[in-house]
Each structure stands twice: as C-alpha cells, then as structure tokens.
Amino acid sequence: MGYKVLVQPSNRRAIHEKEYIKAGAIIQEDISEASLIIGVKRPPEDKLIPKKNYAFFSHTIKAQEANMPLLDEILRQEIRLFDYEKMVDHKGMRVVAFGKWAGVAGMINILHGLGLRFLALGHHTPFMHIGMAHNYRNSSQAVQAVRDAGYEISLGLMPKSVGPLTFVFTGTGNVSKGAQEMFTALPCEFVEPHELKEVSRSGDIRKVYGTVLSRHHHLVRKRDGIYDPVDYDKHPENYTSRFHIDVAPYTTCLINGIYWEQHTPRLLSRQDTQKLLVPIRSADGATEGCPELPHKLLAICDISADTGGSIEFMTECTTIDNPFCMYDADQHITHDSVEGSGILMCSIDNLPAQLPIEATEYFGDMLFPYIEEMAVIASNGSLTPKYQYIQKLRESREQAQSQKMGDEKKVLLLGSGYVSGPVLEYLTRDSNIGITVVSVMKEQLEQLTKKYSNVTSVHMDVLKHEGKLSSLVKKHDLVISLLPYSAHPFVAKKCIENKVNLVTASYLTPAMKELQESVEAAGIAVVSEMGLDPGLDHMLAMECIDKAKEVGATIINIPAGGALLDSVTPMDFFPGLNLEAFPNRDSTKYAEPYGIQTARTLLRGTLRYKGFSKTMGGFVKLGLINPDPYPLLSSTTPPLTWKELMCKLLGIKSPVEHHVLKEAVFSKLEKDKSQLEAVEWLGLLGDEPVPAADSIVGALAKHMEMKLPFGTGERDMIIMRNEIGLRHPSGHLEDKFIDLVVYGDNKGHSAMAKTVGYPAAIAAKMVLDGEITAKGMVIPLTKNVYGPILERVRAEGIVYSTRSVIKQ
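Since the structure is predicted, the reported quantities are computational estimates derived from the model, not experimental observations.

Undergrad: Go over the overall build of the protein chain, please, and point to the residues and values.
TA: Looking only at helices and strands, the protein chain has 27 helices and 32 strands in total. Relative to its 808 residues, the protein chain shows a buried fraction of 50%.

Here's what the structure looks like:
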C-alpha cells in the first residue's frame, strides 16, 4: 500500500510539475487533508493548519528569538512539529541536511567574490571568470568554470604582488567537505595550520593553499594553554581561541562552517579583526599599477550563516540578490559593496537554493528512509519531553535580552572636541551605556578612548562618508551631534531615515525647522539648543518667567544687551571685570516661545571684555570676518602669508613695503589706533603663513587659537546674566537678576566645555531614560525639560544665583 502525495503548485520550483505528476503526485492548492505536511523552510504563521503534523527546519532548538512567534503559534494550534535538524544517528550525527550543497554553493560564491574584490583592489585575476553558483545549470558546470580559473592560475597568471593565496576551512562536517570538494577543482595543496605562515610568505603562486581547522588547532585552556577535548566538552567557557594569532594572519580567505553555542569561544571578534587589518610586508615588484594588498585577510564566507555566532561581527546575513558586503573593523560598520576598507563578507542563509535540483534530490534521498520516524519537537500543544528544555532556554535568553535591552543603550557621539569630554564623563557613569565617538581628529579619539570606559572610536569624516554614517546611526539608540551647526541638517536626515533620536547644543536653525514634518513622521525627537547659549540661557529665563506667571505677574522687559557691534552697552554688574555687551541675534522672535508677548523690550546679548566689539569691528572693516568660501586658502593651493592676504583684501599689488601696507590698513580702519594695534599684535601684517581653511574667518579663527592659548595656570570663565522686569497684579514692579558664573578647571574641563557638554549629556540621558517623551523638534522651554536639567547641572558645579529689586 502506497501513500497519497499532494503537492502545492508553484512556479518558483526548479523541478517542473510534470515531474511530480510523473512520479504519482497530485497537484492541488488545498493540502488540508494531508496527515503529514513536509517542507524545507518555515511556513508563514498565518498558513499553518491546526492539529496537523509538520516537518521542516524550524530553527527553534536554540530558542532563536526570530522564530519564537512561530513556535508559539505551533503550540497554540496543537501542531505536531518534526524538525530535520534533530534527526541524528546513534553517534549524534545528523542524517538529513543540505550541508554539502551549502558548502559547494558557498565556495563558488566566495571565489566569485574574490574576483570582484581583487579587481576593486587593482588586480585582474582568474577568479573573474567564476560566476555566482546560481548562474550555472548544475554543479558540473560550476566545477568546469573553477577548473578553467585553476588552469590559468597554474600557468602563473595570478598577479605576483598579491602573493600566495591561502584558504582556511573550519569544521569537518558536510558543509566543510562540500566547500573543500569545490576547492579541489583549483590547483591546490593542503597543508597543516602551522605551515600556513611559511606558505603564505614563500609559497608557489601557481597554486592555492588550503588547510582544515579543527578544535585542537586553535582552542587552548586559559590557565595553561592546553587543549583537553574531554574537559572542553564539559567546560568550554574555560577556553579561548588563538585563531586570530596563529592562523588568521596568514589566511587570505576563511570558509566558516561551524556553529557557535553560548559559553564557547568565538572564532573571531571585532577586536581580533582590527588587529588583522594591518598592512602586510611589501610584495616584490609592487608598484602603483601592481599594488600590494592592504592586508592578508581579504574575505570570509560564513556558510554557517549563524548571526552573532562564531564570527561575532556577522550580525546580518547577506542574500542571493546582494551576496557581498564589506566589514570595516576599525569603524565597526558594514556597507553593501566590494570596495572600500575592510573584509569582504558573504553569509547567505539559503545557499542550497542556488543549486536547487541537485540539492533537492540529495535532501530527498536522505529524508525518505526516515519519513516514519522523524524527531518530534512539539505535539498536542506542548513541547515533547525531550525538547522541553527549549522553553527554559527561551525564558533564560529572553530574560537576558530583556535585561540587556533595558540596560544597554548605544549612543553615537559625533565630534571629539573640548565639549565631548563632559558629555562622555557624564554618560559613562552609567555602565550600561555604550558610546561610539566619531571624529576626523585621530589623536583626540585615542585620548578619549583611553580616558573613558565603554567608549569605541571611529576615525571618519561623517560629511564625506554618507553611507557609513547612516550605517552607524542605524546601530545606535541616540545620536549626539557636536559638529558645527551647519552639519546638523545632514545628520538629522540620517536620524530621520533610521528613526533614531538626535540631541544637539546648537540653535534650531531654519534648515532644521524645515525637517519638522519628517521628524514627526519618523516618530523621533530632535532635541536642540541644549548647551549654554543657546540652552542654559533659555532655561534660566523660562524658570523665572514661569514662576512669575504662577503669581500672576507679567513680563514687561528683558534688557540683556545693547545694540549692534558699533553700539555697545557697558556692563558693570560684576565687580572687578570691565565688561561690555552687544546683541548676538534677533531677540524679538523669542517673545512667543517664551510666552511673554507683553514685554515691551526684549534683548539677548553677548558679554565680552571691553574693547572686544571695537576690535571685531576693525576685522569686519578689513574683510576678515567673511564666511564665504575662499579657494586661495585651500590646502591644495600654495600657502599665502598674512601680509599677502591683506594686500589682496585691500586691493594692493604685492609685494609691498611694510609701512605702505600699514598705512593702507590704518586708512581702512578709519584711523582707529586701537584697531590697528590689535591687527599688528596678532601678526596680520607679517610673513606668517595663513592656516589652510575654507573661508577667511575660518583661517582667522585658527590663527587666533594659536595666538591665544591658555598659559600655565590660566583658565576660562563663563558669565551669564538674565535681567527680567515684572509687573505684579498689585501694580508693583520687580527686577529679577539671575547670574551664572562658572570657572574652568586648570587640569580638567573648561567652563565652556562644562556649560555646553553637561546640559547636552543630561538631555541625552533624559531621552534614553524616557524622561523626554515628546516627538518632533524639542527645545528647553517647558518645565518638564528645563527643570531636571537645571537641577542636575548644579551637581556638576554649574550654579546660579537670583536676587530681586522691588519698586513701588
């Protein structure tokens, strides 16, 4: 007596329906009458039929998070689940698997990928004639293509500058054997792992070298450096891998076929890989046209497709449509390409589908004898006794993940200047916050990663690597941008694309406001003006204004500054300091956000030492405060001296006598001696080179940084004053004075760094902790935002005082 076999119709199958009919199957969509439903990959949860017997690869035996909803549905619908992965013989070896064909397809793919990668590095190789596995009708055609490439290699057609190629195969199962089977179509020689070092340096380029790696080749006990197989099976957590030391430095391509279990050593970590991406010794005959390789390890084919497994940084599988990506260990980012820095990665999780007919026949022949005795994972709505451990493993994993998700939060910090110090110092107090700092300043990055724990650095110009920035943003919970304000819209767009919150200390500019709808649609918060000015100035003003409103008072004026640079107001409120004030922006626009439309006067100004405004006025007259691009100051053009630049600005033909230039400058300054004195003191009439910059004002700023550094024992100081005039319901008038004075630390953070960095860091922590829940554009004008920040900055030494003067 035979079996009635129903086959659902599908145009995606490589085997035509005629073949199924010829074998006696019935083609029909409705399979509800079947007592056993056999598939390969997991079925959609909404297609499951209650109380049926299903057989497929469920990928649930390790309580894999992605497949737990499927297992829940199977249990709810009282389905009996058979899993091919647990069908083993008396030795515990799997009897039904695609392993061999995964290995075959994976090896074909990575040889194709190596051809592309070598070409991107400047080398045409025989591998360019090998295609992806699915481009061949069958494996025999693929073998012939590999043999053809191997013939060219045997003729010495591999570029000499790439040196001997070495391939390492991990594992001894069907996956590894399938890959090795395809590898032997090349002119190859297998060596022991300890021989790799020698052949990678002096081997014959007319062949390729392979080695098969077993546990004893790279695993050692931590305490004594010995491998004991019996002890390892009992206590794998006591062992570590030396693969990155003994094998990987001499490996061109790694073909990984091993799965990873918790508590066992990984084959490669990110830190291991960073050390491997170092230049190899110069190849003989390497020239511009025949370049040497950037490093020995070029490619990894992770056939196991075990995300976050033995290859720690393989966190997402590639696909047949997009088979390759580049992993940059230095920057810990992955991008879809075969170009750029890093290691070529291939980690397709359905490799046998590339050789469908042979893989299907192979799998069917293995499965058929066991149809009546398959492993049962679930039955009658419960896990079978042998597999009840899955629930415990699942609960344990979910608990660990829940704790990790609740505790570990990832912050991306853009910029490594002075302000980054307080930001990192504040956030790293919480050991459950991991921070990635991105900057073009390599030395600053090195100093920050040494000083602060749980901080990773990425050396990169974010404005020039849009794709890499987007990839980084995607991997974090929050972005803090300490870049120039002009870069914030660019960063904000990446946060919008990836639905990641953003915090900045800069003004909410018109360019940022244009993103309002996109920010709200993405459901994220873009928190701006979280520094000193803007930031603490808003908060101190709003605290006073809100308290005044609570008692019914109205705001009649906020006289905080003067007019323009040439109309300066002396400020004598701070004993011992000769200060002046001038407006820094249009202040009237704050009447509505502050909720003080009743105010007759509203001025927001900047405090400086007396004479500052006049000096800046002189620079304006000379054209030195010009932010427009100035190509002559580019790093690619011949350097100018300040004397030459000044001649260009004044329209004087160079060279010129010093006294002639001085007189021309004096005339341009309208005979103002103090302005001329400042120009001469800064050396702007001399032969010192102008720093390379995008604009004249940028060059002046760099020059002044060099001329005006802190001397020994010197420190900076921040002074901020709010003066608010109130009218009470009784008719009484009151002037509120709020003074903030902060000093820098001689061997610590500057006052500016503290007053910008701490508010930004506190705001970031509030977003991470869910204290700031608003979505869209957020600035600190509401009590639920400014209140906690003002309270917490006091603990960081940012203290302000308040006094009142009552008038009749």
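Undergrad: Quick rundown of the nonpolar core? Include the residues and the values.
TA: A general tendency of soluble globular proteins is for nonpolar side chains to be buried together. The biggest cluster of nonpolar side chains holds 60 residues, and the ones touching the most others in it are Met107, Leu111, Leu114, Phe127, Phe167 and Ile255. Secondary structure elements with two or more residues in this core: α3 (99-120), α4 (139-154), β6 (165-170), α5 (174-183), β11 (253-256), β12 (299-302), β15 (343-346) and α11 (356-367). No other element matches α3, which puts 10 residues into this core. Residues contacting Leu111, with those up to four places away along its chain left out, are Phe127, Ile130, Val146, Phe167 and Leu186. Counting 57 residues, the second-largest nonpolar core is a separate cluster that includes Leu413, Ala541, Tyr758 and Ala764.

Undergrad: Lay out unusual backbone geometry with the relevant residues and their values.
TA: Here the amide bond leading from Asp533 into Pro534 is cis, since omega sits at 15°, within 30 degrees of zero. When you line up the elements, Pro534 lands in the loop between β23 (525-527) and α19 (536-550). Backbone torsion omega between Ser654 and Pro655 reads 5°, so that peptide bond is classified as cis. Within the secondary structure, Pro655 is located in the loop between α22 (642-650) and α23 (658-668). The phi dihedral of Glu670 is positive, around 60°, even though this residue is not glycine. Along the polypeptide, Glu670 turns up in the loop between α23 and α24 (673-681). Since its relative accessible area comes to 60%, Glu670 is described here as exposed.

Undergrad: Please set out the sheet that holds strand β31 (residues 776-778) residue by residue, giving values where relevant.
TA: With respect to topology, 7 strands assemble into an open sheet ordered β20-β19-β18-β21-β22-β23-β31, the strand pairing being parallel. Single-partner strands in this sheet number two, and they are β20 (455-459) and β31. Averaged over all pairs of adjacent strands, the angle between their axes in this sheet comes to 20°, without regard to strand direction. Sitting on the sheet, helix α26 (residues 751-768) touches β18 (409-414), β19 (433-439), β21 (478-481), β22 (501-504) and β23, and the angle it makes with β22 is about 165°.

Undergrad: Describe the pattern of salt bridges, naming the residues involved and giving the relevant values.
TA: The tally for this structure, following the rule as stated, stands at 27 salt bridges. Residue Asp224 is joined to Arg223 by a salt bridge in which the shortest nitrogen-to-oxygen separation is 3.4 Å. Residue Arg223 is classed as exposed on the basis of its relative accessible area of 67%. Across the pair Lys707 and Glu688 runs a salt bridge whose closest N-O atoms are separated by 3.7 Å. Separated by 19 residues along the polypeptide, Lys707 in helix α25 (residues 696-707) and Glu688 in the loop between α24 and α25 bring together distant segments of the chain.

Undergrad: I'd like a description of the packing of α19 against helix α27 (residues 783-794), backed by residues and values.
TA: Viewed as axis vectors pointing N to C, α19 and α27 meet at an angle of 115°, and their least axial separation amounts to 10 Å. Pair α19 / α27 crosses with left-handed handedness. On α27, the residues that touch Leu536, Met539, Leu540, Met542, Glu543, Asp546 and Glu550 of α19 are Lys783, Tyr786, Ile789, Leu790 and Arg794. Grouping the amino acids of the contact of α19 with α27 by side-chain chemistry returns 7 nonpolar, no polar and 5 charged.

Undergrad: Outline the pairing of strand β29 (residues 717-727), supporting the account with residue identities and numerical values.
TA: Most of β29 sits out of view: 9 of its 11 residues are buried. Where β29 and strand β30 (residues 733-743) come together, 11 bridges link them in antiparallel fashion. Directly across from Leu726, in β30, lies its bridge partner Glu734. From the end of β29 to the start of β30, which pair antiparallel, there are 5 residues, and Gly731 there has a positive phi angle of about 100°.

Undergrad: Break down the packing of aromatic side chains for me, citing the residues and quoting the values.
TA: When we look at a pair of aromatic rings, we describe it by the centre distance and by the angle of the planes. Across all of its chains, the model carries 17 aromatic pairs by this definition. Considering the side-chain rings of Phe313 and Tyr327, the 4.3 Å spacing of their centres and the 5° angle between planes classify their relative orientation as stacked. Note that Phe313 is positioned in the loop between β12 and β13 (325-328) and Tyr327 in strand β13, a separation of 14 residues in sequence. Of the two residues, Phe313 and Tyr327, neither departs from the other in class, the shared state being buried. The interplanar angle of 70° and the centroid separation of 6.5 Å between the aromatic rings of Tyr426 and Tyr758 together place this pair among those described as edge-to-face.

Undergrad: Hey, could you go over a nonpolar patch on the surface for me, with residue numbers and the actual values?
TA: A contiguous nonpolar surface patch, about 340 Å² in accessible area, is contributed by Tyr151, Leu155 and Leu157. Locating Tyr151 in the fold gives a position in helix α4.

Undergrad: Before we move on, can you summarise the confidence of the model for the protein chain with the specific residues and values?
TA: Residues with a pLDDT of 70 or more make up 89% of the protein chain, whose mean pLDDT is 84. In the model, residues 559-566 has pLDDT below 50 throughout and makes 23 contacts with residues more than four positions away in sequence or in other chains.

Undergrad: Residues and numbers for the environment of Ser481, please.
TA: For Ser481, the position within the fold is in strand β21. Residue class for Ser481 comes out buried when judged on its relative accessible area of 2%. For the pair Ser481 and Leu413, spaced 68 residues apart in the sequence, the C-alpha separation amounts to 6.1 Å. Dropping the residues within four chain positions of it, Ser481 is found in contact with Leu414, His488, Val491, Leu502, Val503, Thr504 and Ala505. A polar side-chain atom of Ser481 sits 3.0 Å from a polar atom in the side chain of His488.

Undergrad: Lay out the side chain of Glu85 in plain terms, naming residues and giving numbers.
TA: Looking at the secondary structure, you find Glu85 in the loop between β5 (80-82) and α3. Taking the relative accessible area as the measure of exposure, Glu85 reaches 17% and is therefore buried. In this structure, Glu85 is in contact with Phe57, His59, Ile61 and Arg94, ignoring residues within four places of it in sequence.

Undergrad: Would you mind going over the packing of helix α13 (residues 420-427) against α26 in detail, with residue names and values included?
TA: If you want to describe how two helices pack, look at the angle between their axes and the distance between the axes. Contact geometry for α13 and α26: axes closest at 7 Å, N-to-C directions at 40°. Classified by the angle their axes make, α13 and α26 are oblique. Seen along the crossing, α13 lies across α26 with a hand that is right-handed. Facing Pro422, Val423, Glu425, Tyr426 and Leu427 of α13, the residues of α26 in contact are Ala753, Lys754, Gly757, Tyr758, Ala761, Ile762 and Lys765. Counted by class, the contact of α13 with α26 contains 8 nonpolar, 1 polar and 3 charged residues.

Undergrad: I'd like a description of α26, backed by residues and values.
TA: Think of an α-helix as 3.6 residues a turn; residues three or four steps apart then line up on the same face. Taking 1.5 Å per residue as the helical rise, α26 with its 18 residues ought to reach 26 Å, and the 26 Å between its terminal C-alpha atoms agrees with that figure. Directly beyond the C-terminal end of α26, a positive phi value near 80° is found at Gly770.

Undergrad: Quick rundown of α24? Include the residues and the values.
TA: Listed in full, the buried residues belonging to α24 are Gln675, Leu676, Ala678 and Val679. Seen end-on, α24 carries its buried residues on one side only, within an arc spanning 160°. Along α24, the residues that are exposed and aim more than 90 degrees away from the buried face are Lys673, Glu677 and Trp681. In the core, the buried residues of α24 are packed alongside α21 (612-622), α22 and α23.

Undergrad: Which residues make up the environment of Ile762, and what values go with them?
TA: Residue placement: Ile762 occurs in helix α26. Once the C-alpha coordinates of Ile762 and Leu790 are considered, the two residues, 28 residues apart in sequence, prove to be 9.7 Å apart. If near-sequence neighbours (up to four positions away) are discounted, Ile762 is found in contact with Tyr426, Ile789, Arg792 and Val793.

Undergrad: Go over the environment of Val146, please, and point to the residues and values.
TA: As for its position among the elements, Val146 is in helix α4. Taking the C-alpha atoms as reference, Val146 lies 8.4 Å from Leu111; in sequence the two are 35 residues apart. Leaving out residues up to four positions away in the same chain, Val146 has contacts with Leu111, Ile130, Met182, Ala185 and Leu186.

Thresholds, definitions, all that
Each residue is numbered by its place in its chain's sequence as written, counting from 1. Local features in this predicted model are restricted to residues of pLDDT 70 or higher, and side-chain atom pairs are both shown and tallied only at a pLDDT of 80 or more, whereas totals for entire chains, interfaces and linings draw on every residue. Excluded from the side-chain calculation are hydrogens and water; included are all heavy atoms of the structure. Only DSSP runs of H or I with at least four residues qualify as helices, and only runs of E with at least two residues qualify as strands; both kinds are numbered from the N terminus onward. Relative accessibility decides the category of a residue: with a 1.4 Å probe and only protein chains considered, values under 20% of the type maximum give buried, values over 50% give exposed, and everything between is partly exposed. Remark: nonpolar core denotes a set of buried residues (Ala, Val, Leu, Ile, Met, Phe, Trp, Tyr, Cys) joined through side-chain atoms within 4.5 Å. Here a residue-residue contact requires only that any non-hydrogen atoms of the pair lie within 4.5 Å. Strands are labelled as partners when DSSP assigns at least two bridges between them. All axes here are fitted lines through C-alpha atoms, helices being fitted over the stretch that makes contact, and every angle between N-to-C directions spans 0 to 180 degrees. The term salt bridge refers to a pairing of a side-chain nitrogen on Lys or Arg with a carboxyl oxygen on Asp or Glu at a separation within 4 Å. Crossing chirality is assigned from the near helix's rotation relative to the far helix, an anticlockwise turn below a right angle marking it left-handed and a clockwise turn marking it right-handed. Nonpolar residues are Ala, Val, Leu, Ile, Met, Phe, Trp, Tyr, Cys and Pro. Charged residues are Asp, Glu, Lys and Arg, and all others, Gly as well, are polar. Pairing of aromatic side chains requires ring centres within 6.5 Å, counting the rings of Phe and Tyr and the six-membered ring of Trp. Pairs whose planes differ by under 30 degrees are stacked, by over 60 edge-to-face, and all others tilted. The patches reported here contain residues having more than 30% relative accessible area and no salt bridge. Joining distances are 9 Å for like charges and 5 Å for nonpolar side chains (Val, Leu, Ile, Met, Phe, Trp, Tyr). The Shrake-Rupley method, run with a 1.4 Å probe sphere, supplies the accessible areas, and residue values consider only the shown protein chains as cover. The quantity known as pLDDT measures the predictor's confidence residue by residue, on a range of 0 to 100. Under this definition, polar contacts are N or O atom pairs within 3.5 Å; protein pairs additionally need one hydrogen-donor-capable and one acceptor-capable atom, and for neighbouring residues in sequence, both atoms have to be side-chain atoms. Small angles under 35 degrees read as roughly parallel and large ones over 145 as roughly antiparallel, with 65 to 115 read as roughly perpendicular and the rest as oblique. Multiply 1.5 Å by the residue count of a helix minus one, and that product is the helix's expected span. Comment: arc refers to directions from the helix axis out to C-beta atoms.

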